[in-house]
Amino acid sequence: MKVGFIGLGHMGAGMAANLLRAGHEVTVFNRTRIKADALVANGATVAADIAEACKGDAVFTMLANDPAVEEVAFGPRGILESLAPNAIHVSSSTISVELSERLSFAHADAGQGFVAAPVFGRPDVAAAGDLFVIAAGAPQTVERAAPLLEAIGQRTFVVSEAPNAANLVKLSGNFLLASVIESLGEAMALVDKAGVGKHKYLDLLTSSLFGAPVYKTYGTLIADERFEPAGFAAPLGHKDIRLVLAAAEDLRVPLPLASLLHDRFLALLANCGETLDWSAIGGLAARDAGIASR
Ligand SMILES: NC(=O)c1ccc[n+]([C@@H]2O[C@H](COP(=O)([O-])OP(=O)(O)OC[C@H]3O[C@@H](n4cnc5c(N)ncnc54)[C@H](OP(=O)(O)O)[C@@H]3O)[C@@H](O)[C@H]2O)c1
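Just so it is clear, the model here is predicted, and its values are computed rather than measured.

About the criteria used
- Residues numbered from 1 in each chain as written.
- Predicted model: local features only at pLDDT ≥ 70, side-chain atom pairs only at ≥ 80, totals over all residues.
- Heavy atoms only, no water.
- Helix = DSSP H or I, 4+ residues; strand = E, 2+ residues; numbered from the N terminus.
- Buried < 20%, exposed > 50% of the residue type's maximum accessible area, 1.4 Å probe, protein only.
- Lys, Arg positive; Asp, Glu negative; His and termini not counted.
- Salt bridge = Lys/Arg side-chain N within 4 Å of Asp/Glu carboxyl O.
- Polar contact = N/O pair within 3.5 Å; in protein donor to acceptor, adjacent residues only side chain to side chain.
- Expected span 1.5 Å × (residues − 1).
- Bend = angle between axes of the 7 residues up to and from the residue.
- Near = heavy atom within 4 Å.
- Areas by Shrake-Rupley, 256 points an atom, 1.4 Å probe, with all protein chains shown as cover.
- Nonpolar A, V, L, I, M, F, W, Y, C, P; charged D, E, K, R; others polar.

**Quick notes on the side chain of D66**
Note that D66 resides in helix α3 (residues 66-74). Although buried, D66 forms no salt bridge, and the nearest oppositely charged side chain, R102, lies 5.8 Å from it. A distance of 2.6 Å separates polar atoms of two side chains, one belonging to D66 and the other to S96.

**Examining helix α7 (residues 139-152)**
Across its 14 residues, α7 extends 19 Å between first and last C-alpha, which sits within 8% of the 20 Å expected from 1.5 Å per residue. Of all the bends in α7, the largest measures some 50° and sits at A146, one to four residues before the proline P147. Among all positions in α7, only T141, V142, A145, L148, L149, A151 and I152 are buried.

**Focus: the site of the ligand**
What surrounds the ligand is a group of 25 residues, the closest being H10, N30, T32, K35 and K239. With respect to the ligand, the backbone of L63 contributes an N or O atom lying 3.0 Å from an oxygen atom. Contact between the ligand and K239: an oxygen atom at 2.7 Å from a side-chain N or O atom of the residue. Burial of the ligand by the protein chains amounts to 87% of its free accessible area of 900 Å². Elements that contribute at least two residues to the shell around the ligand include exactly α3 and α11 (234-251). The residue makeup of the shell around the ligand, split by class, is 10 nonpolar, nine polar and six charged.

Here you go:
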């Protein structure tokens, strides 16, 4: 297929590379032009602007947050203005349930397709083409986008015909991930202060009752206190907790744990700046306990 890709950050670069690898004709656009160079060297065409990236059968967005997607989609010479009738906008950024709904209505009005396809997996997983894709949209549109989704991930889960359901599921997943990071950080601070080695403790956990990838990945980052360079930056993690709380508020679903996580992210951003990985909230408990090594 002829596909555009807008947003070549930590995640988008690997996803676009896998679309190329799968044999699709890929035109890329990134606000900061230099990030397109590696993809161009591998056969992608670089678009001069957003409109030029919207000339194919579909265009992906993998941008930081709601304001970025809003600008790129609704702005002048943006996706809404530029995409051909029947062409599909595949929205993979983790955005709000509310913006996803607005996008689905706007694309329907313009006679264009819209698939929400947020993903689970960090940048290394994106580069390997092993993401889990949470997709939602009109069945025929999701079916037309399927070869593209297969190129970026190991499995696609279609959760609903309403696109924004995929965004809600994605946000719920990041809420769970942040909960695991926080609780792992607390448990590790506890045993560490008593003199039990963190790596030995993590090995025990992941070899017994907690064998899931999330405990292995984040447990290792916390035990190593390896929060730089960020694979998923803390401000984006904070954004996701804000978005899950907003969705929960609209649905009148109290999420007391998410409220706590919101404050943990604020403490992290206030004390440690904006550049650490979001897993650094797992280091806050050690600081509170007076045992953080830095
Ligand atoms: N990293 C992860 O582990 C992970 C996993 C799953 C989902 N996600 C989600 O995937 C999305 C991208 O994450 P990421 O880690 O790839 O972020 P990132 O490395 O910070 O990349 C963000 C991208 O958005 C672009 N951008 C930001 N503001 C913009 C604006 N106003 N106009 C145009 N472009 C703008 C950036 O362009 P510049 O290069 O010019 O700054 C860059 O291409 C986020 O929604 C995130 O929550 C991330």
